[in-house]
Amino acid sequence: MDLYAALALQIVYGVANLVLISLGLAIIFGMMRVINLAHGEFLMLGGYTVVISTNAGVNIWIAMLILAPLVVGIIGLVVERLMIRFLYGRMVDTLLATWGLSLVLIGLITTIFGAQTATTISPPIGAVRIGGFTSSGYEIFLIAVTALLSIAVYAVLRYTKLGLLARGTMQGAEIASALGVSTGRIYAVTFGLGAAVSGLAGGLLAPVTGVLPTIGATYIAKAFITVISGGAAILSGTLSASALLGSVNSVLSYVTGPTIGEVGLLVVAIVLLRLMPQGITSKFFRKSL
Amino acid sequence: MSRARENRWLTITGIVAVIFLLGAPQVLELFTIINLTTALALALLALSLGLIWGFGGILCFGQTTFFGVGAYAYVVAAINFGGTSWAVVVAILAAAAFAAVLGYFVFYGRVSDVYLAVITLTVTLIFYNLMRRTSGPEYKIGDALLGGFNGINAPPLNVPGYADWFLFPEDVFYVAMATLIVAYFGCVWLTRTHFGRVAVAIRENELRAELIGYDIRLNKLGLFTIGGGLAGAAGVLFANGVGRVTPDVFNLYNAALTIIWVIVGGRGTLIGPILGALALFYLTSGLGQQSTINNNLILGVILVVFVLLVPRGIVPSVIELWDARTGRRREFSRRGRRRPRSRKRSGASTEVHHEG
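Conventions we followed
- For every chain, the first residue of the written sequence is number 1, and numbering continues from 1 onward in sequence order.
- Chain labels run from A onward and ligand labels from 1 onward, assigned in the order the entries are written.
- Totals for whole chains, interfaces and linings use every residue, but because this is a predicted model, local features are given only for residues with pLDDT of at least 70 and side-chain atom pairs only at 80 or more, for both listing and counting.
- Only hydrogens and water are removed before side-chain values are computed, so all heavy atoms of the structure are retained for them.
- UniProt positions are given in the numbering used here, feature names are shortened, and annotations may be inferred rather than shown by experiment.
- The numbering of helices and of strands both runs from the N terminus, where a helix is a DSSP run of H or I of at least 4 residues and a strand a run of E of at least 2.
- Our radius of gyration is a C-alpha quantity, and the globule rule it is checked against amounts to 2.2 Å times the number of residues to the power 0.38.
- Any residue under 20% of the maximum accessible area for its type is buried, any over 50% is exposed, and the rest in between are partly exposed; the area is computed with a 1.4 Å probe on protein chains only.
- The contact criterion used throughout is that any non-hydrogen atoms of two residues lie within 4.5 Å.
- The method behind every accessible area is Shrake-Rupley, applied with a 1.4 Å probe, and residues are considered shielded solely by the protein chains displayed.
- Here the positive residues are Lys and Arg and the negative ones are Asp and Glu; neither His nor the chain ends is included.
- Taken as the charge centre is NZ of Lys, CZ of Arg, CG of Asp or CD of Glu, depending on the residue.
- A simple way to read buried area is as the amount of 1.4 Å-probe accessible surface that goes missing from two parts once joined, with both sides added.
- A carboxyl oxygen of Asp or Glu within 4 Å of a side-chain nitrogen of Lys or Arg is what we treat as a salt bridge.
- Whenever a nitrogen or oxygen atom comes within 3.5 Å of another N or O atom, the pair is scored as a polar contact, on the condition that within protein one atom can donate a hydrogen and the other can accept it, and that pairs from neighbouring residues in sequence are kept only if both atoms are in side chains.
- Each residue is assigned to one of three groups, with Ala, Val, Leu, Ile, Met, Phe, Trp, Tyr, Cys and Pro labelled nonpolar, Asp, Glu, Lys and Arg labelled charged, and all others, Gly among them, labelled polar.

The name given to chain B in an unreviewed UniProt entry is Branched-chain amino acid ABC transporter permease, with Minwuia thermotolerans as the source organism. Per UniProt, the comment on chain B under Subcellular location (unreviewed entry) is "Cell membrane".

Looking at an unreviewed UniProt entry, chain A carries the name Branched-chain amino acid ABC transporter permease, with the source organism given as Minwuia thermotolerans. Quoted verbatim from the Subcellular location (unreviewed entry) heading of the UniProt record, the comment on chain A is "Cell membrane". Per UniProt, chain A has the following entry under Sequence similarities (unreviewed entry): "Belongs to the binding-protein-dependent transport system permease family. LivHM subfamily."

Written out as structure tokens, the structure reads:
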């Protein structure tokens, strides 16, 4: 029984992990149609923010929950103003330009901190016991944060004026603009929010994964495949795709090992896209957010 | 460019290439020649992407997948067969077959091109992760140990039919250069056939091409498979140039580089990607000598600058400048550049509309 509880926790954690990795991308790619290949690097920057600020003596909770999203959000705003805003409506070009950005960020961080800065910070929460098994308390914390974050994103998009304006702008920028919405600002803020969510995720994951300039590459494929499998509705898409792919990943990893788990995740996603090219939300949860 | 002028340039390109093929080993040092073989292999890889992206509008972000599959298949087959003649055939077929299977999934699933980019990228990262874990002695195909992170040594090419008659590095250079020339002119020929013109029609407007009655899925699959085979051949040459195949052929950096070569050289041309690959190969190996600035940084800046400021790439821009100088101004392309937001350019995606 305890074994099943521990396994169930692993699966939930696997799902939450995917949601956390993909949520920022879902906002930027799913909503804004900007293919942000620098997404992994946004996560990486969040991780570096946490490592640098905790080394400088900042409380780890403040570093993770406030500084990481703040710093990466600001970087996102700057990037949007300098680069992305020239490329709206040109998906392929956003993909190429953000890939360039990702290389720039990797190169910049490597130049500043060196390639082997595998600076680790220990998770601030210790182990907890579930019957005969011990489990990482930090993983449970991450699950809770992911749930809260999903609710927060939903609430912002659904109930605030900003969310309404953002959704309206993304659906028809010209009409929104004609109605007096400053669409340029909405684009910038939405991109910044997506970047901030990515930064938060990167900061939260830093104690689990360690931080390297090239760590983004390990996130990018998973994040994209999750958002694409999810489809048009960003939140329910991300959540349902994460639930499916995360479960496959966790179960396969438990049975055979992490590599096969990851391969299984990607293979399932590719088969899924063969069956539902527009993602899960083209068939299910169509009217959801 | 008119067909006659284009043919004149092709003749000049061919003559220069043949002179280079025959002359280079007489003039250059052995080390340079070995290096050059690798550069030519990468140029062939760039050509394969230039063909499917520039002419078919298929943005494959993981063209290195087929390159790597070709390289690994060559090495494994060569070790098992004890000769390289059939290994070359096996490598090209394996890469083409893998492209066909993957292409079937994406084209017949009607996965639109941006998603295709991400899926192919994902596939190449899967290979990277998988091949890195193959270090144990249990991971062997026939007699060939895969070697995990360290990769496997590549047996040098031999004269077809004579397994013991190995080629010297200069000879491998001849093979590489000749392959590139044949592949280039083969691609030029291909783009001028009916098949190639249908591919361009699909690139320009997928829906219209389909309504006219062309099977766009089959056409794309065909082009993708040919591109995969070419990339596989590039993998064989690369294995010979470097003498070793490691999982790094599948990594993100190389996948990115391939895209950058084509962007810098110019989409919609075949010589552009080749020149882009050669230029950036020497730029990056030159930059490799210094350690103050990371290579990624410079490549990233190049990519961003080209996407934002020179989106057509060097070769088309140079042709345009040349035409403007000599009075052969082509108005439509200038107008297209002034209003970048309004219309999709060559190779651009089909917009994906959806209700959020």
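Let's pick the thread back up.
For chain B, the count of helices and strands is 14 helices and four strands. A globule of 356 residues ought to have a C-alpha radius of gyration of about 21 Å, and chain B, at 20 Å, matches this closely. By principal-axis analysis of the C-alpha atoms, chain B measures approximately 60 × 55 × 45 Å. For chain B, with 356 residues in total, the buried portion stands at 52%. In chain B, the proportion of contacts linking residues at least 24 apart, taken out of those at least 6 apart, comes to 76%. In the structure as shown, chain B presents an accessible area of about 16,100 Å², 65% of it carried by carbon and sulfur atoms. On chain B, the mean spot of the 29 positive side-chain charges and the mean spot of the 18 negative ones are 12 Å from each other.

With that out of the way, let us pick up the side chain of T98(A). Residues and elements named next belong to chain A. Take T98: it is sitting in helix α4 (residues 91-113). Look at T98 and you get buried, because its relative accessible area is 0%. Excluding its chain neighbours within four sequence positions, the residues that come into contact with T98 are I35, N36, L37, A38, M83 and I84.

All names here are of chain B. For G82, the position within the fold is in the loop between α3 (63-81) and α4 (85-108). Along the backbone, G82 and N150 are 68 residues apart, and their C-alpha atoms lie at a distance of 22 Å. Ignoring any residue separated from it by four or fewer positions in sequence, one finds G82 in contact with A77 and A163.

Residue and element names in this part refer to chain A. Along the polypeptide, N36 turns up in the loop between α1 (2-31) and α2 (39-55). By relative accessible area, which is 0% here, N36 ends up buried. Every residue in contact with N36, bar those within four places of it in the chain, is listed here: L25, I28, F42, T98, I220 and F224.

Take the interface of chain A and chain B next. Each partner contributes residues to the interface: chain A has 46 residues there, and chain B has 52 residues. Carbon and sulfur atoms make up 73% of the surface buried where chain A meets chain B, a total of about 4,300 Å² over both sides. Three residues stand out in chain A for area buried against chain B, namely L96(A), W99(A) and R274(A), and they jointly supply 16% of the buried area on that side. Where chain A touches chain B, the interface holds zero salt bridges. Where chain A touches chain B, the interface holds zero residue pairs in polar contact (both at pLDDT 80 or more). If you list the elements that add at least two residues to the side of chain A that touches chain B, you get α1, α4, α9 (216-230) and α11 (258-275) of chain A. Of the residues contributing to the side of chain A that touches chain B, the split by class is 31 nonpolar, nine polar and six charged.

Residue and element names in this part refer to chain A. Summarizing the sequence annotation, UniProt attributes the feature "transmembrane region" (unreviewed entry) to residues 6-27, 58-79, 91-115, 135-157, 187-212, 224-245 and 251-276 in the numbering used throughout. The straight-line gap between the two end C-alpha atoms of residues 58-79 is 26 Å; of that span, 91% is helix and 0% is strand. Overall, residues 251-276 shows 92% helix and 0% strand. The separation of its end C-alpha atoms is 23 Å.

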